[in-house]
Amino acid sequence: MARIPWLGPLIAVVGIGVAGLGAWYMVHARPEPGDVIDTIAIDADTKFVISDEKNHDRSFIELDHKGEQLWQALIPHYAGEKGRPAIAWNDVAVTVRVERNGRAEVFALSMHDATKLGGFRLAPEHDPITVQPGPITLTDHIRSYELVGGPDWHELVAVDLRTGKALWKVDLGHWKIEDAGVQTPYVWVVQGTRKDKRWYNVLNGVENKTLN
C-alpha cells in the first residue's frame, strides 16, 4: 500500500482546527448578561442587579458593592419585573423566584458566593403555572412569602431564608390577589373586590380574623 506522507500532518492540522473551533464556540456560547430587569438596593453601597441573558430565556443575578461585582449567578427565567420584585434576602441567603418549563420555583443562593443552597417547586399540583398580576415575593428578611396562583386558585407560601425550605402554605381561594405586604407579626393580603386585609401569622400561617 502506498504511503501518504502528508496524512499525519493533515490529521494534526484538522485536530488543531477542531480544537480551535471548540475554543471559539466556548467563547462565543458563554452566557452573557443582557438588559437590566431590575436593581434592588440592600443598603447605600450594596445592591442586586438582575438582568436578562442575551439570546436566551434565562436570567442573571449579581451582587454589587460600591461598584464592584462580588458574584454573579445564572438562573432560570426571573419571575419578577421592575416594581414587582421576586427576591428576598438576609445575611445568609437570597431566594429568587424563577419560572422554568411551566413551573414556579424558588432558588436559594448563598449571599457569600452564590452557591446554591436549595430550591423547590411551588404548587406542583397546578403545573403549568404562569405569573399572575399583583405582588410576587414579600420578605421580612427572616422569611420570604411567595404568592402563586392561577385563574381559580391562589396560595401563600412562607420560606425560611436560612435554609431555603418551605415552612407553611395557605390556600387563598380563587380571588385575584390585588395587594399584599408584611406588617410583623403578620402577612396581609387583599383579594378580589374586597378592600379589607386578611392577616396571616408569619410563624405558622394561621389567619387572625379579628383584625379584618
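What counts and what doesn't
- Counting from 1, residues in each chain are numbered in the order their sequence is written.
- Per-residue local features are limited, in this predicted model, to residues with pLDDT of at least 70; the limit for side-chain atom pairs, both in listing and counting, is 80 or more; totals at the level of whole chains, interfaces and linings are taken over all residues.
- Neither water nor hydrogens contribute to the side-chain values; these are computed over all heavy atoms in the structure.
- What counts as a helix is a DSSP run of H or I of at least four residues, what counts as a strand is a run of E of at least two, and both are numbered from the N terminus.
- Per-residue accessibility, obtained with a 1.4 Å probe over protein chains only, is compared with the maximum for each type, and a residue is labelled buried under 20%, exposed over 50%, and partly exposed between these values.
- Note on contacts: a residue pair is in contact if any heavy atoms of the two residues lie within 4.5 Å.
- Areas reported here follow the Shrake-Rupley algorithm with a probe of radius 1.4 Å; residue values treat only the protein chains shown as occluding.
- Strands are labelled as partners when DSSP assigns at least two bridges between them.
- What counts as an axis is a line fitted to C-alpha atoms, over the stretch in contact for a helix, and the angles between N-to-C directions run from 0 to 180 degrees.
- Take the buried residues of types Ala, Val, Leu, Ile, Met, Phe, Trp, Tyr and Cys, join any two whose side-chain atoms come within 4.5 Å, and each joined set is a nonpolar core.
- Centres within 6.5 Å are what make two rings of Phe, Tyr or Trp a pair, Trp counting through its six-membered ring; a difference in plane orientation under 30 degrees is then read as stacked, over 60 as edge-to-face, and the rest as tilted.
- In this analysis the charged atom, NZ for Lys or CZ for Arg, is taken to sit over a ring once it is within 6 Å of the ring centre and within 35 degrees of the ring normal.

## A few points about the overall build of the protein chain
Point 1. Each helix and strand counted, the protein chain has 1 helix and 16 strands in total.
Point 2. Per-residue burial for the protein chain yields a buried fraction of 42% across its 212 residues.
Point 3. Considering only intrachain contacts with a sequence separation of at least 6, the fraction spanning at least 24 residues in the protein chain is 33%.
Point 4. Per element, the accessible surface of the protein chain, about 11900 Å² overall, is 56% carbon and sulfur.

## Remarks on the sheet that holds strand β3 (residues 59–65)
Point 1. Read from one edge of the open sheet, 4 strands run β1-β2-β3-β4, paired in antiparallel fashion. A strand with exactly one partner marks an edge of an open sheet, and here the two such strands are β1 (33–41) and β4 (68–75). Strand-to-strand twist of the sheet, defined as the mean angle between neighbouring strand axes without regard to direction, takes the value 20°.
Point 2. As judged from the 7 bridges shared by strand β2 (residues 46–53) and β3, these two strands associate in the antiparallel manner.

## What to know about the nonpolar core
Across soluble globular proteins, you tend to see nonpolar side chains buried next to one another.
Point 1. In terms of nonpolar packing, the biggest core is built from 22 residues, with Phe48, Ile61, Tyr78, Ile87 and Val94 touching the most fellow members.
Point 2. Among the elements of the structure, β1, β2, β3, β4, β6 (87–89), β7 (93–100) and β8 (103–110) are those that each provide at least two residues to this core.
Point 3. Sequence-distant contacts of Val94, that is, excluding residues within four places in its chain, are made with Phe48, Ile61, Trp71, Ile87, Ala88, Trp89, Phe107, Ala108, Leu109 and Met111.
Point 4. The next biggest cluster of nonpolar side chains, apart from the first, holds 14 residues, and it includes Tyr145, Ala158, Ala180 and Tyr200.

## Quick word on the sheet that holds strand β14 (residues 177–183)
Point 1. Sheet architecture is open: 3 strands sit in the order β14-β15-β16, paired in antiparallel fashion. Both outer strands of the open sheet, β14 and β16 (198–201), are each paired with one neighbouring strand and no more. Taken over all neighbouring pairs, the strand axes of this sheet differ in orientation by 20° on average, direction set aside.
Point 2. When strand β15 (residues 186–191) meets β16, the two strands line up antiparallel, connected through 4 bridges. Within the sheet, the bridge partner assigned to Tyr186 lies in β16 and is Asn201.

## Examining the packing of aromatic side chains
Point 1. Within this structure, the stated rule accounts for 4 aromatic pairs.
Point 2. Plain terms: the ring middles of Phe48 and Trp71 are 6.5 Å apart, the flat faces sit at 55° to each other, and that makes the pair tilted. Of this pair, Phe48 sits in strand β2 while Trp71 is found in strand β4, placing the two residues 23 residues apart along the sequence. Each member of the pair, Phe48 together with Trp71, is buried.
Point 3. Taken together, the ring pairs connect Phe48, Trp71 and Trp89 into an aromatic cluster.
Point 4. The side chain of Lys116 reaches across the aromatic face of Phe107, ending 3.9 Å from its centre.
Point 5. The ring of Trp188 carries the charged tip of Lys197 above its face, separated from the ring centre by 4.1 Å.

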